[in-house]
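Breakdown of the fold
The residues making up each chain are set out below.
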Amino acid sequence: GERKSQKALYDAYSRKMYAVSLRYAKNQDDADDILQEAFIKVFKHIGSFRKESSLYFWIKRIVINTALNYQRSKLY
């Protein structure tokens, strides 16, 4: 099922991606928000993953971009 696959993907990558989001966040609450928003994007766009790089780096790029956008949104 799709939910089981999503949970398996989340369980496999969430700890490492949380560490990435913490590097960009000012606090743990912001890191939680970044991680949640990033995984929503991952699940929404998983069909566009082209296997040109590893899934880890694809997800990491989404987390980083989400964190940068999150920071920009906090500036205004």
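Residues numbered from 1 in each chain as written. Predicted model: local features only at pLDDT ≥ 70, side-chain atom pairs only at ≥ 80, totals over all residues. Heavy atoms only, no water.

**Focus on helix 3 (residues 55-75)**
Helix length check: helix 3, at 21 residues, gives a terminal C-alpha distance of 31 Å against a target of 30 Å (1.5 Å per residue), a fit within 8%. Buried residues along helix 3 sit against helix 1 (2-24) and helix 2 (28-45). (Helix = DSSP H or I, 4+ residues; strand = E, 2+ residues; numbered from the N terminus. Expected span 1.5 Å × (residues − 1). Contact = heavy atoms within 4.5 Å.)

**A word on the packing of helix 1 against helix 3**
Packing of helix 1 against helix 3 brings their axes to within 10 Å, and their N-to-C directions diverge by 40°. The pairing of helix 1 with helix 3 is recorded here as oblique in orientation. Our pair here, helix 1 against helix 3, has a crossing hand that is right-handed. Taking contact as the criterion, the partners of Leu9, Tyr13, Lys16, Met17, Val20, Ser21 and Tyr24 in helix 1 are, on helix 3, Leu55, Tyr56, Ile59, Lys60, Val63, Ile64, Ala67, Leu68 and Gln71. (Axes fitted to C-alpha atoms, helices over the stretch in contact; angles between N-to-C directions. Parallel < 35°, antiparallel > 145°, perpendicular 65-115°, else oblique. Left-handed = near helix turned anticlockwise from the far one by under 90°.)

**So, the packing of helix 2 against helix 3**
Across the interface, helix 2 lies against helix 3 with an axial gap of 9 Å and an inter-helix angle of 130°. When the interaxial angle is binned, helix 2 and helix 3 end up oblique. Between helix 2 and helix 3 lies a crossing whose hand is right-handed. Across the interface between the two elements, Asp30, Asp33, Ile34, Glu37, Ala38, Phe39, Lys41, Val42 and His45 of helix 2 pack against Trp58, Ile59, Ile62, Val63, Thr66, Ala67, Asn69 and Tyr70 of helix 3.

**Description of the confidence of the model for the protein**
Per-residue confidence for the protein gives a mean pLDDT of 94; residues scoring 70 or more make up 97%. Least confident of the elements in the protein is helix 3, whose mean pLDDT is 94; most confident is helix 2, at 97. (pLDDT = per-residue confidence, 0-100.)

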